[in-house]
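Architecture at a glance
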Number of protein chains: 4
Amino acid sequence: MSSSFGKIFRVTTFGESHGGAVGVILDGCPPKLRINLDLIQNELDRRRPGQSQITTPRNEDDKIEILSGLKEGVTLGTPIAMLVRNKDQKPSDYENLEQVFRPSHADGTYHLKYGIQAASGGGRASARETIGRVAAGAIAKQFLKKLFNTEIFSWVKRIHDIDSNVDKDRISLSQIDANIVRCPDEKAALKMIERIRELQKDGDSCGGVIQCLVKNVPSGLGMPVFDKLEADLAKALMSLPATKGFEIGSGFLGTYLKGSEHNDPFIKSNDINKLKTISNNSGGIQGGISNGESIDMKVAFKPTATIGKEQQTVNADGREVVMKAKGRHDPCVLPRAVPMVDSMVAIVLADHLLLNHAQCDIIK
Amino acid sequence: MSSSFGKIFRVTTFGESHGGAVGVILDGCPPKLRINLDLIQNELDRRRPGQSQITTPRNEDDKIEILSGLKEGVTLGTPIAMLVRNKDQKPSDYENLEQVFRPSHADGTYHLKYGIQAASGGGRASARETIGRVAAGAIAKQFLKKLFNTEIFSWVKRIHDIDSNVDKDRISLSQIDANIVRCPDEKAALKMIERIRELQKDGDSCGGVIQCLVKNVPSGLGMPVFDKLEADLAKALMSLPATKGFEIGSGFLGTYLKGSEHNDPFIKSNDINKLKTISNNSGGIQGGISNGESIDMKVAFKPTATIGKEQQTVNADGREVVMKAKGRHDPCVLPRAVPMVDSMVAIVLADHLLLNHAQCDIIK
Amino acid sequence: MSSSFGKIFRVTTFGESHGGAVGVILDGCPPKLRINLDLIQNELDRRRPGQSQITTPRNEDDKIEILSGLKEGVTLGTPIAMLVRNKDQKPSDYENLEQVFRPSHADGTYHLKYGIQAASGGGRASARETIGRVAAGAIAKQFLKKLFNTEIFSWVKRIHDIDSNVDKDRISLSQIDANIVRCPDEKAALKMIERIRELQKDGDSCGGVIQCLVKNVPSGLGMPVFDKLEADLAKALMSLPATKGFEIGSGFLGTYLKGSEHNDPFIKSNDINKLKTISNNSGGIQGGISNGESIDMKVAFKPTATIGKEQQTVNADGREVVMKAKGRHDPCVLPRAVPMVDSMVAIVLADHLLLNHAQCDIIK
Amino acid sequence: MSSSFGKIFRVTTFGESHGGAVGVILDGCPPKLRINLDLIQNELDRRRPGQSQITTPRNEDDKIEILSGLKEGVTLGTPIAMLVRNKDQKPSDYENLEQVFRPSHADGTYHLKYGIQAASGGGRASARETIGRVAAGAIAKQFLKKLFNTEIFSWVKRIHDIDSNVDKDRISLSQIDANIVRCPDEKAALKMIERIRELQKDGDSCGGVIQCLVKNVPSGLGMPVFDKLEADLAKALMSLPATKGFEIGSGFLGTYLKGSEHNDPFIKSNDINKLKTISNNSGGIQGGISNGESIDMKVAFKPTATIGKEQQTVNADGREVVMKAKGRHDPCVLPRAVPMVDSMVAIVLADHLLLNHAQCDIIK
């Protein structure tokens, strides 16, 4: 199990990196939603390998095929199945990997857990699995946009030690996609690209931080106890490959403040369905429930585990060996992870929107 | 909904802070497990209000009553229902709160979502809700201890800006409980206690970071995609009140490293069911699955929202008002949050242990 | 697991027949629903043991205690915990049962599955477990009644071979409760009562059929594939103790008809939200979805397994023995099962109402 | 939602009858299970349209394509995605159906629920949806066979009023598949086939009863309360198209017996993991848990709703019209429903096997 996410707006993905196809079933999508199919493909293109000089050269066009659930571009309310064929498979690249465990990769733990592994590549641990998430997320985004004009902006905030300076009030998608590293601070972006290329030449890799801001959030999403909105967002984002940390609002830095400094004072709101705060250390969520302010999150992505340098490791027999990976890999996952973050956030919000509607919008 | 957690080892809590009782149903616990009931009460005592000078003076003895699921201290495999009566209720303290929204508290969002609120106190947002989690977690801990000698250690790593220095290899429960702030670095602990008391006198509050280390973890726990072990741990811990951030292994700091620095080299393991690494930036989890090394996490807790200082806010009619809270509250939630972190981690691990056993230990 | 039912309107029960208490947590109930508490107690009184000469003499007043989720009789949208203390426990009656398996009872299978059993009585297999279902069902009924004036009528249709003749158009609750066997055909009821008392004197037992009719059903409840409305109703009712069969609409008898005889012709409906049919072989459900006509079901209940006659059986050691049960038991479960059927049907409909509202009432 | 079934061994289907493809994702299947792919195709061939003179002439070869989850025929423990392309689509046959509701079909309720419908054919209500179930069921069968030599036999017991006489002790798959109606009583089978062909010529249809017997069932499957094994079997089978009733063991007829006649006396068992009974009115399940005896069920299937005769109905505007269906349809669904029953039973048992293993086979 484990390949499903969401309670009502529910996503189930399938596919190994070097099998026949990867894809997704999105169940529970409301009927009568007109889908712009180009927006789905556009998101897949944003996560596609080979899109720029700083991503893996694996060449996949990742054209989406929709098998069910739509009639002339409108949702039927039935499962929407979507798939992408795997094309540029080079299992030979991975031949020596199969029995040698790449350090900090999933090879070893899959071997221990399942006692068998996909023929080559990362199997379910490959970022190709996220194709299904991004396709479903592209539908979730359109649903949220239609109902509440909700907009989700993710961008690369930091690469290695190169931080950026972004004006959250003026963020836009075109700004984010203006460069290949997806950082809206142009100066920082240039440095980031340079750093990634340097490390790439050196057979090394780097990580960083993606920030995500959601505007025009309806209030009331999330639930008091285990299914707090930030808890489900944390799970969603920590389920992406290579993530090591999650912050909502003030995050770890906020713990250096006193309560009197950290609390967000309320002021009069023009919208009776929303609360309005002066500061937003809460990150748009209080008591697990959205208050209507922007949701503000950060996610840490570690440096890519697969690198071209020699590393000490063991093989499946437990013997110590030295390895040097050949497979095509990203020197830095963050530029391609931007649409993945967008998508997981969209799926969480769409699901909570339906859950809240079910319970709290039925007795007036 | 939202009051249930876990797939097989499944916890459902109930209760408002000022209602008749709070409690939990733990369903799916394996039969034939001998429970030490004192260990359940002991964990509740660790989270109990009024336990020291730096916690809320609300006086609850929090004696657990077990209604079902045990026979002479041994689990039947049927739901274990446990409850604690609320005793020291002072709704009058909260009388003026009902319609005035405490900044950064759940009052406002509950009002927007439900259109009705518990008579007083925090309702489901109160830390009293965690009694059920801690009681169930105390059983999960005994289950893990029995099967794999697994041990979970949570402690206060930082309060406000006072950090500690702890030798993870030598951590012990007695060391953690040796002082009222639950920081095993005695010198830091004294400073922390002093800082908390100062802020308390000033009607203010502070937050900090709890670290959690799990030793003797069986490998193979967690699943590849959405239900990665770190994703479920993140959700579990971000569902605790006042949490703002989660880190596994190297966390946000790890993003300043190169891949060649961050990867954990494998070396020969003496236990064929576990992997062994030189460093542990992975935090014991790779590809979403435990590798057998210690699981290492950090959680950020914000400063308590309810403070004794005057604050700007609005009331339920949307009018701006100034408030000063009277209710009894903790100046710092971390000392009492330690057993909550323990418990949520134990519940996640117990559930994943059963899930892994179900799917991966059936065909030999 | 197994002690939870429903996806959004979700019920979790606990308790052994001879433990401290039995009860339920109802999670997901919409907020702002005014509950008539007397109606909950009234349903419990309808299922209570000792209510008449044809039920078990075990004397329990089954007074409900509500621990959370309500404020002055109005739902908060948070978990509603309800419990009933066990009082008239006579474990001594069951002393010789513990290791001797009553034929066709759960003793043997519990022993095989869990390797341990509740101290006495039926444990979770006891009809006392249904107290939680009936309490939650009483809330579901009020919810359905308020929103759609939906009414659920269950009655005893047949006892042993004594069938009844009931005018479904004129059925009423007072008619059903007019006699202790809960059959609205007074003549048949008298014969049924006589039959039950005869068998009771003889140390024997009998079964029969309960019919359930739901009026004023909103259309659109149920989902196309696995969660068809009749599938969830079947599961709900087959989860009650002692059930052996389920029929929707024409049931098994309908299979003797040709398609041209069985199909329900549509005619013009005055309510644009409902379909109208001349006949109702469909039982109010087509393609798994309610069409607005009355839902019509039948459930077979076997004769009570625990009887006062000598029976051949084995004990826990596998040795063949002869036993004669002493415990107090119902000679016929149907009169007390009527409110259980009502309740399970109400819970299924309430849950599907919320599910349909979530997905299909959000985009207009 | 609604397109998923099972908790650990979990099936999710997708696809409309006239869309691009229909298929399934099977998640949670244990790793290291060698799959005979021919057995999957064989089951699909048993449910395939056009397989004989008494099934719909729609011509689909229903060749299965497996996209993920296997490596050289062995399960990886990851999602197994399987699909079948729709080929022989004749939407024109259904052109006049789209806005006219076939009596007792899903057209009307889908229209009310979703406000939009698949372009033609039955959409998700089509029996084509069951392709995914049968493919997943074929894997479940192999899993059960491998672990416990469990065998599932479903056959046509009655068509219209033509009943059969079958020796359950000697039932075999070759006997069942020896004729096109799948009734192992050859004489009755001939009459059944004749009856179906007569009704077919007449533009009419018929229903009947399928019986299912499971041999070599492990004990301990099923759970005490809501997830009783018979409850989940009832749901699984009542989720198949055209079902109207379900019986376990003695079913409705058993209600004519006294307790002393109905109880199944236990006798000494040679297998300490199973109970042994003289009779089997329990149908192999007691207290919701399998006892090791054969599981014995019956399912009522109504006559096919789509018939070639003129019928009174309404269209989407609510106006009364007369219709006569043109689409290709089965005069009797039972012969093709046999593998569907097999499959759903196999999926329920596989899931409960994993659930029981998870909870009850971990503490020895």
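In this report, the structure presented in the accompanying data block is examined. Residue positions are given per chain, counting from 1 as you read along its sequence in written order. For naming, the first written chain is A and the first written ligand is 1, with later ones following in the order written. For a predicted model such as this one, the threshold for reporting local features is a pLDDT of at least 70, and the threshold for listing and counting side-chain atom pairs is 80 or more; totals across whole chains, interfaces and linings nevertheless cover every residue. Hydrogens and water molecules were not included; the side-chain quantities draw on all heavy atoms of the structure.

A few points about the overall build of chain A
Here is the rule: Numbering of helices and strands runs from the N terminus, with a helix taken as a DSSP run of H or I at least four residues long and a strand as a DSSP run of E at least two residues long. In this setup the radius of gyration rests on C-alpha atoms only. A globule is expected at 2.2 Å times the number of residues raised to 0.38. To sort residues, take the accessible area from a 1.4 Å probe on protein chains only and compare it with the maximum for the residue type: under 20% means buried, over 50% means exposed, and anything in between is partly exposed. Note on contacts: a residue pair qualifies if any of its non-hydrogen atoms lie within 4.5 Å across the two residues. For the accessible areas, the method is Shrake-Rupley and the probe is 1.4 Å, while residue cover comes only from the protein chains on display.
Helix and strand counts for chain A stand at eight helices and 18 strands. Taking 2.2 N^0.38 as the reference for a compact globule, 364 residues should give roughly 21 Å; the C-alpha atoms of chain A span a radius of gyration of 21 Å, in line with that estimate. The principal-axis extents of the C-alpha atoms in chain A amount to approximately 65 × 50 × 35 Å. Split into buried and exposed, the 364 residues of chain A put 70% on the buried side. Within chain A, contacts between residues separated by at least 24 positions form 71% of all contacts whose residues are at least 6 apart in sequence. Accessible area of chain A: about 11200 Å², with a carbon and sulfur share of 47%.

Here's the deal with helix 8 (residues 334-360) of chain B
Inclusion rule: Multiplying 1.5 Å by the helix residue count minus one yields the expected span of that helix.
Taking 1.5 Å of rise per residue, 27 residues should cover 39 Å, and helix 8 of chain B covers 37 Å from first to last C-alpha, within 8% of that figure. Helix 8 of chain B sits mainly inside the fold: 27 of its 27 residues count as buried.

A look at the sheet that holds strand 4 (residues 65-66) of chain A
Residue and element names in this part refer to chain A. The test is simple: Two strands form a pair only when DSSP identifies at least two bridges running between them.
Strands sit in the order 1-2-3-7-4 across an open sheet of five strands; the sheet is antiparallel. Two strands lie at the open edges of the sheet, namely strand 1 (4-5) and strand 4, each paired on one side alone. Strand direction decides the pairing type here: strand 1 and strand 2 (residues 10-14), joined by two bridges, are antiparallel. In the sheet register, Phe5 faces strand 2, and the bridge partner there is Val11.

Description of the relation of the copies chain A and chain D
To keep it simple, the criterion reads: Least-squares superposition of the copies uses the C-alpha atoms of those residues scoring a pLDDT of at least 70 in each of them.
Turning chain A through 180° and shifting it by 0.0 Å along the axis lays it on chain D, with an RMSD of 0.0 Å. Here the two chains are linked by the operation of a two-fold rotation axis. Mapped onto chain D, 98% of the interface residues of chain A are again interface residues, and the two copies thus contact each other with one and the same surface.

A look at the pairing of strand 18 (residues 320-323) of chain C
Within a regular strand, side chains alternate between the sheet's two faces. All names here are of chain C. Every second residue of strand 18 is oriented toward a common face, the buried set being Val321 and Met323 and the non-buried set Glu320 and Val322. Relative to strand 18, strand 17 (residues 311-314) runs antiparallel, the two sharing four bridges. When the bridges of strand 18 are listed, Gln311 appears paired with Met323. The turn linking strand 17 back onto strand 18 is made up of five residues, and Gly318 within it adopts a positive phi angle of 90°.

Concerning the interface of chain A and chain D
The condition is simple: One side-chain nitrogen of Lys or Arg within 4 Å of one carboxyl oxygen of Asp or Glu is enough to make a salt bridge. Here a polar contact means two N or O atoms within 3.5 Å. Within protein one must be a hydrogen donor candidate and the other an acceptor candidate, and residues neighboring in sequence count only if both atoms are side-chain atoms. Amino acids outside the nonpolar list (Ala, Val, Leu, Ile, Met, Phe, Trp, Tyr, Cys, Pro) and the charged list (Asp, Glu, Lys, Arg) are all regarded as polar, and Gly is one of them.
Contact with chain A, which involves 42 residues of that partner, is made by 41 residues of chain D. Measuring nitrogen to oxygen at the nearest pair gives 2.8 Å for the salt bridge that ties Glu65 of chain A to Arg85 of chain D. Across the chain A-chain D interface, the total number found is 13 residue pairs in polar contact (both at pLDDT 80 or more). Mapped onto the side of chain A that touches chain D, the elements with two or more residues apiece are strand 2, strand 3 (21-27), strand 6 (74-75) and strand 7 (80-85) of chain A. Counting residues per element, the side of chain A that touches chain D draws most heavily on strand 2 of chain A, at four residues. Residues that form the side of chain A that touches chain D fall into these classes: 16 nonpolar, 16 polar and ten charged.

Section: the packing of helix 6 (residues 229-238) of chain D against helix 8 (residues 334-360) of chain D
All names here are of chain D. Our working definition: Only C-alpha atoms enter the line fits that serve as axes; for helices the fit covers just the stretch in contact. Angles between N-to-C directions range over 0 to 180 degrees. A crossing counts as left-handed when the near helix is turned anticlockwise from the far one by less than a right angle, and as right-handed when that turn is clockwise.
Direction vectors running N to C along helix 6 and helix 8 enclose 145°, while the axes themselves pass 9 Å from each other. Helix 8 is crossed by helix 6, and the crossing has right-handed handedness. Here helix 6 contributes Leu229, Asp232, Leu233, Ala236 and Leu237 to the contact with helix 8, which in turn contributes Val341, Met344, Val345, Val348, Leu349 and His352. Broken down by class, the residue content of the contact of helix 6 with helix 8 amounts to nine nonpolar, one polar and one charged.

Overview of the interface of chain A and chain B
This is how it is decided: Defined in terms of a 1.4 Å probe, buried area is the accessible area two parts forfeit on being brought together, summed over both.
Taken together, the contact between chain A and chain B spans 106 residues of the former and 106 residues of the latter. Surface buried jointly by chain A and chain B totals about 8400 Å² across both partners, of which 63% is contributed by carbon and sulfur atoms. Among the residues of chain A in contact with chain B, Lys113, Phe226 and Lys244 of chain A are the three that bury the most area, contributing 11% of the side total. Where chain A packs against chain B, one counts four salt bridges. Note that Lys235 of chain A and Asp232 of chain B form a salt bridge whose closest N and O atoms lie 2.6 Å from each other. Scanning the region where chain A abuts chain B turns up 43 residue pairs in polar contact (both at pLDDT 80 or more). Here the side of chain A that touches chain B is built from residues that sort into 43 nonpolar, 40 polar and 23 charged. Pairing analysis gives three bridges linking strand 11 (residues 243-248) of chain A to strand 11 (residues 243-248) of chain B, with the strands arranged antiparallel. Counted as the bridge partner of Gly245 of chain A is Glu247 of chain B from strand 11 of chain B.

Comments concerning the side chain of Gln286 of chain C
With respect to the secondary-structure elements, Gln286 of chain C resides in strand 14 (residues 285-286). The class of Gln286 of chain C is buried, set by a relative accessible area of 2%. Within the structure, Gln286 of chain C has its side chain in polar contact with the side chain of Asn291 of chain C (distance 3.2 Å). Residues contacting Gln286 of chain C, with those up to four places away along its chain left out, are Asp264, Phe266, Leu275, Thr277 and Asn291 of chain C together with Ser104, His105, Ala106 and Thr109 of chain D.

Focus on the sheet that holds strand 7 (residues 80-85) of chain C
Residue and element names in this part refer to chain C. In space, the five strands of this open sheet follow the order 1-2-3-7-4, with antiparallel pairing throughout. Pairing within the sheet leaves two strands with one partner each, and these edge strands are strand 1 (4-5) and strand 4 (65-66). Of the pairings in the sheet, the one linking strand 3 (residues 21-27) to strand 7 comprises six bridges and is antiparallel in character. When the bridges of strand 7 are listed, Leu26 appears paired with Ile80.

Focus: helix 5 (residues 186-201) of chain A
Residues and elements named next belong to chain A. Spanning 16 residues, helix 5 covers 23 Å between terminal C-alpha atoms, matching the ideal 22 Å at 1.5 Å per step. Buried residues along helix 5 sit in contact with strand 8 (151-159) and strand 9 (162-163). Within two residues after helix 5, Gly203 carries a phi angle of roughly 70°, on the positive side.

Structural notes on the relation of the copies chain A and chain B
Each of the two chain copies goes to the other by way of a rotation about an axis and a shift along it. Screw-axis analysis of chain A against chain B gives a translation of 0.0 Å along the axis, an RMSD of 0.0 Å, and a rotation angle of 180°. When you check the interface residues of chain A against chain B, 100% turn up at the interface there too, and the contact is symmetric in its surfaces.

What to know about the pattern of salt bridges
Residue and element names in this part refer to chain B. Scanning the model with the defined rule gives 88 salt bridges over all chains in all. The salt bridge partner of Lys145 is Glu151, with a shortest N-O separation of 3.1 Å. What makes Lys145 partly exposed here is its relative accessible area of 38%.

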